[in-house]
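Now for the letters of each chain:
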Amino acid sequence: MERKSFQLGDIVQMKKNHPCGSNEMEIIRMGMDIRIKCVGCKHSVLIPRAKFEKNMKKVIRPAAPAEPE
Ligand SMILES: [Zn+2]
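Residues numbered from 1 in each chain as written. Predicted model: local features only at pLDDT ≥ 70, side-chain atom pairs only at ≥ 80, totals over all residues.

Brief notes about unusual backbone geometry
Link 1 in the chain: With a phi angle near 65°, K42 is a residue other than glycine that sits in the positive phi range.
Link 2 in the chain: The topology assignment puts K42 in the loop between β3 (33–38) and β4 (44–48). (Helix = DSSP H or I, 4+ residues; strand = E, 2+ residues; numbered from the N terminus.)

Have a look at this one:
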């Protein structure tokens with residue numbers, strides 16, 4: 001099974017839009033739980049990593065310039 005890859009600072013798209021209508025979330029904290037901040041309304045939520053991985057659709061924009069692979 002392939003793990004989704006994401007890192008601090010990434011802008012990700014979740015399966016469901018935020019109630020404010022935005023579908024872009026920025027990862028602002030990584031740990032056992034992940035804290036994401038809505039790009040639209042700046043509201044932040046803390047969700048368990050497993051739930052985050054399940055609900056994340058894709059990374060829209062990677063954080064900083066990524067290291068070459
Ligand atoms: Zn929002």
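What follows picks up the thread again.
What to know about the nonpolar core
Link 1 in the chain: Counting nine residues, the largest nonpolar core is built from F6, V12, M25, I27, I34, I36, C38, F52 and M56.
Link 2 in the chain: Among the secondary structure elements, those contributing two or more residues to this core are β2 (24–29) and β3.
Link 3 in the chain: Here the element with the most residues in this core is β3; it accounts for three residues.
Link 4 in the chain: For M25, the contacting residues outside a window of four places in its chain are I11, V12, M14, I36, K37, C38 and V39. (Core = buried A, V, L, I, M, F, W, Y, C linked by C-beta atoms within 7 Å. Buried ≥ 20, exposed ≤ 12 C-beta atoms within 10 Å, placed from the backbone. Contact = placed C-beta atoms within 7 Å.)

Some remarks on the environment of H18
Link 1 in the chain: The topology assignment puts H18 in the loop between β1 (11–14) and β2.
Link 2 in the chain: Since 17 C-beta atoms lie within 10 Å of it, H18 is described here as partly exposed.
Link 3 in the chain: Note: C-alpha distance between H18 and G40 (22 residues apart in sequence) is 8.5 Å.
Link 4 in the chain: Excluding anything up to four places from it in sequence, H18 contacts N23, C38, G40 and C41.

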